[in-house]
Structures are given as C-alpha cells and as structure tokens.
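These are the residues of each chain, in order.
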Amino acid sequence: MPATLTTMRSRLRTDLKDDAAARWADGVLDRHLARTVSEYSLLRPRELRSTIATTAGSRMLDISSLSDVIVIEAIEHPIDLYPRIFAPFTHFAGTCELLVDDKPTGANARVYWHSVHVLTTGTSSIHVEDEEIVLTGAAAYALLEYGQYSVDRVNLGGADVDSEYHAQGRDYMRRYHDMLRELRQRRGVLSSKLFAPAEFWAERDVVVGP
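These remarks concern the structure in this document. Keep in mind that this is a model prediction, so the values were computed, not measured.

Looking at helix α1 (residues 5-15)
Piece 1. Taken as a whole, α1 has its buried residues at Leu5, Met8, Arg9, Leu12 and Arg13. Taken around the axis of α1, the buried residues stretch over an arc of 140°, which confines them to a single face.
Piece 2. In the stretch just after α1, Lys17 is the one whose phi turns positive, near 60°.

Structure (structure tokens):
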C-alpha cells in the first residue's frame, strides 16, 4: 500500500536524523517532497483516463477540467468499440481538436492522459517501489537548503556544520540522480504504446467533413 504524506514525511525525518523535528518544520519537508514528486512524475507519470462529453457540431474538446496535465496520450472516440478507435488530435491551451472527418454529436470521448502524482495525508499515487526515489530527492534538497541557511549563522555545531550539510546533500543528490537514471532506463524498456501516437497524426493537414 502506498505511503501517504504523513508516513513519507516521517520516513524522511528518520533519513535526516531529525525525528525530534528540531531542524525542519513539516511544511518545509512537505515542500521538498512535493518538488521531488513533480520531478519523479516527469519520468513515471500518473496514468489516468477521463470520460468527457464532446460538443455537438464541434471538433473542439474542452479538457480544462483535467488538472496537472503532463501530456495527453490518446483520445478514444467514439468510445466502447472493439477494437478501440483512437482519434487523431492536436492539443493547445486546455483544448483538444479532434482531427476527424465527421463532427462529434455530443457523445462521450475518453481521454488517456498523464498527470503529476498525488501525495497527500489521505492518499498517494506514487508506486511503492519508487518511494525511495522521492525520499532520497527530498532529503537532498532539504540538506542542501539547510546547509545554505546555516551559512553565516551562529550555531552550536561548530564552524563546519554548513559544509557537512552540503556534503551530505550532494551525496544524496548523486544517489537521487542515479535513481532517476535507472528509472529512465527501466521505463524505456517497459513502456509501449497500444495506439498510434498523436505526433503521427499531426502531419495530416486535410480534414474532410462538414
């Protein structure tokens, strides 16, 4: 079961040896986790599909209701046929234009799209096997920021405290980048498409229809 934000934050504090919350406030760690989740999502996005009604007599499909869109992968129209039919389309400013001969009649279209992952106190869409990637990245950003914050500040840890945080942060950042590289290679092997990609249809410049 995926770990929620509360659990991820607790695990991050353990990695940072800050169980007493003496150095990082919850909001600061949440911000670093959110940043890493966004970066992770670009390599392994959340895969979603949504049913949206077309507008009768128009090839324009309003997808503004979809939030945190990374890319629109495909649009099925008409839906629920076998084999499935994926319509060619263009996407710009929250609207997709279906490059089909006949104008839609108001029937539903099904949009397959990629989004940023969700990590809240109630739910998480991050793959369990990738949680360490998110934690490692968040730890790197937290340590580097704290090291910078400690520069020129009076502290009880000695003059080298800031450089120690920077060194730890750089080590975590190297590990984080290695993990992202491995994820990129793994996704390159596993990913595949079951439909003609939208880019192929972008070359079509003539649409026959009313």
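A word on the environment of Ser58
Piece 1. Residue position: Ser58 is located in the loop between β1 (46-53) and β2 (60-62).
Piece 2. The spacing of Ser58 and Glu97 is 39 residues in sequence and 8.8 Å in space, taken between C-alpha atoms.
Piece 3. Other than its neighbours up to four places away in sequence, Ser58 contacts Lys103 and Pro104.
Piece 4. At 3.1 Å, the side chain of Ser58 forms a polar contact with the backbone nitrogen of Met60.

Notes on the sheet that holds β1
Piece 1. Pairing is antiparallel in the open sheet, where 3 strands are placed in the order β1-β6-β3. Either end of the sheet is taken by a strand with one partner, and the two such strands are β1 and β3 (69-76). In this sheet, neighbouring strand axes are inclined to one another by 30° on average, regardless of whether the strands run parallel or antiparallel.
Piece 2. In terms of strand pairing, β3 meets strand β6 (residues 108-115) through 6 bridges, oriented antiparallel. Its bridge partner lying in β6, Val71 is registered against His114.

The rules behind these values
Residues numbered from 1 in each chain as written. Predicted model: local features only at pLDDT ≥ 70, side-chain atom pairs only at ≥ 80, totals over all residues. Heavy atoms only, no water. Buried < 20%, exposed > 50% of the residue type's maximum accessible area, 1.4 Å probe, protein only. Helix = DSSP H or I, 4+ residues; strand = E, 2+ residues; numbered from the N terminus. Arc of directions from axis to C-beta. Contact = heavy atoms within 4.5 Å. Polar contact = N/O pair within 3.5 Å; in protein donor to acceptor, adjacent residues only side chain to side chain. Pairing = 2+ DSSP bridges. Axes fitted to C-alpha atoms, helices over the stretch in contact; angles between N-to-C directions.

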